[in-house]
Amino acid sequence: MGCPGGTALSFFLVFVPVYLHGAWSQEAGPTGQRKPFFERLRRLEEQFRRFQEVTLTHLQAIASNYNLSYNIDARFQSLAQESQALALAVNQSQATVQGDLGHLKTWIRKTQRRSRKVDSRLLALGVALRERSQQLTRERKEQAAQREALSSLALDMRALQDTLARLTGVVQSQGARLDALKEWLPVACPGTAAPARPGLPSQSSLKLQGDRQVLRTSPEPLDPPRDFAGRLRGTREPPGPGSPWAWRPERLGEICNVGPALVFPNTSTENVVFLSPGFLSGLRALSVCSWVRTASGHLGTLLSYATAENDNKLVLHGRDSLAPGSIHFVIGDPAFRELPLQPLLDGQWHHVCVIWTSLLGRYWLHVDRRLVATGSRFREGYEIPPGGSLVLGQEQDSMGGGFDGSEAFVGSMAGLAIWDRALVPGEVSHLATGKELPPGAILTLANAALIGGFVQRVNCTCLELCP
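Here the structure is a predicted model, which means the values were calculated and not measured.

Colleague: What should I look at first to understand empty space enclosed by the protein in this one?
Modeller: To find the voids left in a structure, one rolls a probe of water-molecule size over its atoms. Under the definition given, this model contains one cavity of 30 Å³ or more. As a volume, the largest cavity reaches approximately 80 Å³. Forming the walls of the largest cavity are Val288, Cys289, Ser290, Val292, Leu302, Leu303, Leu316, Val352, Val354, Met413 and Leu416. Contributions of two or more residues to the lining of the largest cavity are made by strand S3 (285–294), strand S4 (301–306), strand S8 (350–357) and strand S12 (411–419). For the lining of the largest cavity, the element with the highest residue contribution is S3, accounting for four residues. Across the lining of the largest cavity, the residue classes break down as 10 nonpolar, one polar and no charged.

What follows is the structure, encoded as C-alpha cells:
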C-alpha cells in the first residue's frame, strides 16, 4: 500500500514548476496585465502557504502514525515472544500433567488391587466375627446354664448342710440322754450292770434305739426364702426348748483358743484399729467371722474398708437411725443389705459370720451357728478392689480418717478372721464352738498393725475370761 504523504509531495513538486512557468510567461506581456498577475501570484502564495500548512499537518500526522505503527509492531513482537514462551510453558505443563496422570493411573490400579484384597479380608473377618459371636453366644448360654446348675447345687448343698446340722443336734440330744441314763443306772442299781434291771433297756439297746431314732427322724423341710422387705429372706424362727432340733447351748468356758481380744471402752474417735496389709488382691468372695460382745445400746461400726475411689467399699455398721440391733452390710456404696443382729444387744458373747460371694450375689448371716438371714442378687459379679484401708471400730469417711464418735463400736471383739472365700456351714459351726480355724484366712487380729486411743489388746484363754 502507497503512502499518502509521498503522493502529495510528488504532486507539489509537479505543480510548483508549472505554476512558475506560467508566471514567467505572463511577465513578458504588456504592463496592463501585470496587476492581475501579481494578485494571482499573491493568491497563489497564500494558497501555497495554506497548502504548506496542510502538507505539514499531513506530514506530522503521517509521522505520528508511523510512530504509532512502530509501537504497535514492537508490541506485536513482544506479544509474539510472550505467546511463544506461554506456548512452551503450556507444552511443559502438558507433559508434566501427562506424567502425573500416568503415575495417578498406576496408583489407582494398585489401590484398586489393594482394595479388592482388603474387601476379601474384611469379608473373611466378618465371617470369622459372626462365627465368634455365635460361639460366644453358645458359651454364654452354657455359662448361664452352669450358673443355674451351680446355684441349684449350692442351694442343695446348703439344704443338705442344714439337714446335717439338724441331725447333728439330734445326735447330740440323744447322746445327752444316753449320758443321763448312764449316770442314772449306777445310782438306781448300784453294783449291778445296766441290763439287770427289768423293764429298763440296756446301754447297748439304748444306743441302738437312739441310732434308729436318728435314722427314722426325717428333717423338716427348709422354709422357702422370702424377699427382704422388713423381714429378711431366708429368716427362720429359732426352735423352742421342746423342739427336736434344739441343740444344747455351749458354755462359755468351753469356747477357748479364740486368740487375742480387742476391747473398745468408749466412743472416742481415736479408738480405732488398723489391719495391715489389707486386701492385696481383688475379692469376689468374702467371709468375716468374729466373736462380738457389745456394751452399748447400738452396734456401731464393726468393720470399715475404704479406698481412694470410695470410702464405703466394705462396711458393717449400725447407725442411730436404724432399728435397734440392725446393721448395714455395705459392698461398694450405695449398695447395702440390712441385717438383724438383735441377739448382740444382750451384752453377752455371740459369734457372727457374714458371708458373701459375687456368684449370683449370694450372702448369708450366721449368728451362734444359726443361719438367720440369706439372700441373692447383692452385688452380683462385683469385685472388692485391693489397696484400701481396713479398720475396726470406726467408719471411714475418707481413706484412713473422717471418724465420727456416734458411729464407734463399744464392746469387745475376739477371734476375728477374714477369708477370701465363702465358708461352708460346717466351718462356721467349728468356729462358733472354738474347735479350729478354717484354712486360708487372709487377715486376723494378729494383723492389727496400729491400735489407737484407749483400745486394749488382751490375751485370754477362753471367752468367759475375756473382759
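Colleague: Help me understand the sheet that holds strand S2 (residues 273–275) in this model?
Modeller: Remark on secondary structure: sheet strands pair via backbone hydrogen bonds, oriented parallel or antiparallel. Spatially, S7-S6-S5-S4-S11-S2-S14 is the arrangement adopted by the seven strands of the open sheet, whose pairing is antiparallel. Two strands lie at the open edges of the sheet, namely strand S7 (336–340) and strand S14 (448–451), each paired on one side alone. Between one strand axis and the next, the sheet turns by 20° as a mean value, whatever way the strands run. Of the pairings in the sheet, the one linking S2 to S14 comprises three bridges and is antiparallel in character. Bridging from a neighbouring strand, Phe274 pairs with Leu450 of S14.

Colleague: What is the right way to look at the side chain of Thr307 in this model?
Modeller: Within the element layout of this structure, Thr307 appears in the loop between S4 and strand S5 (314–317). For Thr307, a relative accessible area of 8% puts it in the buried group. Ignoring anything within four residues of it in the chain, the contact list for Thr307 reads Lys313, Pro385, Pro386, Gly388 and Met399.

Colleague: It is not clear to me how unusual backbone geometry should be interpreted in this structure. Could you clarify?
Modeller: Excluding glycine, most residues fall at negative phi; most peptide bonds, likewise, are trans. Residue Pro277 follows Ser276 across a cis peptide bond; omega there is 15°. The step from Asp333 to Pro334 runs through a cis peptide bond, and the omega angle for that step is 15°. Secondary-structure assignment places Pro334 in the loop between strand S6 (326–331) and S7. Non-glycine residue Leu360 carries a positive phi angle of around 65°. Mapping Leu360 onto the fold places it in the loop between S8 and strand S9 (362–367). In this structure Leu360 comes out as buried when scored by relative accessible area, which is 14%. A positive phi angle, near 60°, is found at Arg377, a position not held by glycine.

About the cut-offs
- Sequence positions are assigned chain by chain, starting from 1 and proceeding in written order.
- Totals for whole chains, interfaces and linings use all residues, but because this is a predicted model, local features are given only for residues with pLDDT of at least 70 and pairs of side-chain atoms are given and counted only at 80 or more.
- As a rule here, side-chain values cover all heavy atoms of the structure and leave hydrogens and water aside.
- Buried and open spaces are told apart on a 1 Å grid over the protein atoms alone, a cavity being a set of points where a 1.4 Å probe fits but cannot get out and a pocket being an open set with protein on both sides within 12 Å along at least five of seven lines. Residues with an atom within 4 Å of a point are the lining residues.
- Grid points are joined across faces, edges and corners, and a volume is the space filled by probe spheres set on the points.
- Each helix is a run of H or I in the DSSP string that is no shorter than four residues. Each strand is a run of E no shorter than two, and both are numbered from the N terminus.
- Polarity classes work like this: nonpolar for Ala, Val, Leu, Ile, Met, Phe, Trp, Tyr, Cys and Pro, charged for Asp, Glu, Lys and Arg, and polar for all others, with Gly in that last group.
- DSSP calls a pair of strands paired once it identifies at least 2 bridges connecting them.
- For helices, the axis comes from a line fit to the C-alpha atoms of the stretch in contact; other axes are also lines fit to C-alpha atoms, and the angle between any two N-to-C directions lies between 0 and 180 degrees.
- Buried, partly exposed and exposed residues are distinguished by accessible area as a fraction of the type maximum, computed with a 1.4 Å probe on protein chains only: under 20%, between the cut-offs, and over 50%, respectively.
- Contacts were defined at the residue level, with two residues in contact if any of their heavy atoms lie within 4.5 Å.

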